[in-house]
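What the coordinates show
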Amino acid sequence: MNKLFTLLLCSVLCTQLSAIAQSCCTKPTGMQALAMSKSFKASHAAPLPLHYTPQSGKMITFPVTGGAAGNAFYIPADEATDKVLVIFHEWWGLNDYIKREAETWHKLLGGKVSIYAADLYDGKVATNAETAGKLMGGLQQKRGEAIVKGALASVGKDKRIATLGWCMGGSWSFTASVLAGSQAAGCVMYYGFPEKDMARIKPLKCDVVYIYGAKDEHIKITDVHEFEKKVQQAGRSITMYSYDAVHAFANPSNPNYDARSAGEAQNAALSFLHEKLSVE
């Protein structure tokens, strides 16, 4: 009897130790893997200094289920509208560059669209790659989705919602469009990490524009094409725009900012948003 008990105990302990070992040895994937990547950090020079005074936007807060209130930089449309663009920042956080970009998009859309630049870091902003990596790697999916849901609830159920984001924000742009359900009007992803789980792609209710640099060493082109196929399998249109540029080429805070490619990409995204949000 004691021998049988010992064998059973050993079996249970071995199973638990094996699970722990597998957990410890599991490699991070997606954005968490990039956050830990030395080459990814090395390719991101610190943002150029910028102090921007908002012209028409302001910070707002909104309720978030199960946690602290969320934050967003909000620019109302010039007149009452049902058209909304939700913007998602890069791994640096909701800094002055993103606020300036939000106001730029407000102007590009003729002031006819309300803009919400969501803050996924709860007020934290990085000024160097090491800190940015910690913030991106530490962003829990549950908290991020709760913030997005809170932002969407703040927008209201009677709105048409398009999303746009860069790098990490590109990935969250896609997540937000999925969470927006039937309210989703269109999704713009600037070199975001492509979603691989078909179960998370299938509920998408809008079309997608995916923008990337052909010289991007961090987003695998095979993953991009696989993502393209899965979006199409989900019954949605996806338009791909490739530029002879590196990762983060459209980020004006990047010392390696590619103005020409960024301008062409912006025009493509703007045309898409004009169509999907019916902005004349």
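Look up: the structure comes first, before these words.
In this report, we go over the structure that sits alongside the text. Quantities reported herein were computed from a predicted structural model and do not represent experimental measurements.

All right, on to the nonpolar core then. Ranked by internal contacts, the top residues of the largest apolar core, which has 88 residues, are L85, W105 and Y190. Not counting residues up to four positions away in its chain, the partners in contact with Y190 are W105, L164, G165, W166, C167, G170, I211, A250, A265, Q266 and A269.

On to helix α5 (residues 129-138), then. For α5, the full list of buried residues reads A129, A132, G133, L135 and M136. Buried residues in α5, looked at end-on, bunch into an arc of 165°, giving them a common side. Contacts from the buried residues of α5 go to α2 (30-36), α3 (38-42) and α7 (168-179). The N-cap residue of α5 is N128: its side-chain oxygen and the backbone nitrogen of E130 are 3.2 Å apart.

Turning to the packing of aromatic side chains, a few remarks are in order. Counting across every chain of the model gives ten aromatic pairs. With a centroid separation of 5.0 Å and an interplanar angle of 70°, the aromatic rings of F40 and W91 are classed as edge-to-face. Of the two residues, F40 is situated in helix α3 and W91 in the loop between β3 (83-88) and α4 (96-108); the sequence distance between them amounts to 51 residues. One aromatic cluster in this structure is built from W166, Y190, Y191, Y243 and F249.

Let us look at the environment of I147. Within the secondary structure, I147 is located in helix α6 (residues 141-155). When its relative accessible area of 0% is taken as the criterion, I147 is described as buried. Here the alpha-carbon distance between I147 and A72, two residues 75 residues apart in the chain, equals 9.8 Å. Leave out the neighbours within four places in its chain, and I147 touches F62, V64, D119, L120 and D122.

Reading guide: rules and limits
Counting starts from 1 at the beginning of each chain's written sequence and moves along it residue by residue. pLDDT decides what is reported in this predicted model: residues at 70 or higher carry local features, side-chain atom pairs at 80 or more are listed and counted, and totals for whole chains, interfaces and linings draw on all residues regardless. Working from all heavy atoms in the structure, the side-chain values ignore hydrogens and water. Nonpolar core, defined: a set of buried Ala, Val, Leu, Ile, Met, Phe, Trp, Tyr and Cys residues in which side-chain atoms within 4.5 Å join the residues together. Using a 1.4 Å probe on the protein chains alone, a residue whose accessible area is under 20% of its type maximum counts as buried, one over 50% counts as exposed, and one in between counts as partly exposed. What makes two residues a contact is simply this: any of their non-hydrogen atoms within 4.5 Å. Helix and strand labels come from DSSP, where a helix needs a run of H or I of at least four residues and a strand needs a run of E of at least two; each type is numbered from the N terminus. Think of the arc as the fan of directions from the helix axis to the C-beta atoms. The term polar contact refers here to a pair of N or O atoms within 3.5 Å; inside protein, the definition further demands a hydrogen-donor-capable atom paired with an acceptor-capable atom, and it admits residues adjacent in sequence only when both atoms are side-chain atoms. In summary, the pairing rule links any two rings of Phe, Tyr or Trp, Trp by its six-membered ring, whose centres are within 6.5 Å, and it sorts them by plane angle into stacked for under 30 degrees, edge-to-face for over 60 and tilted for everything else.

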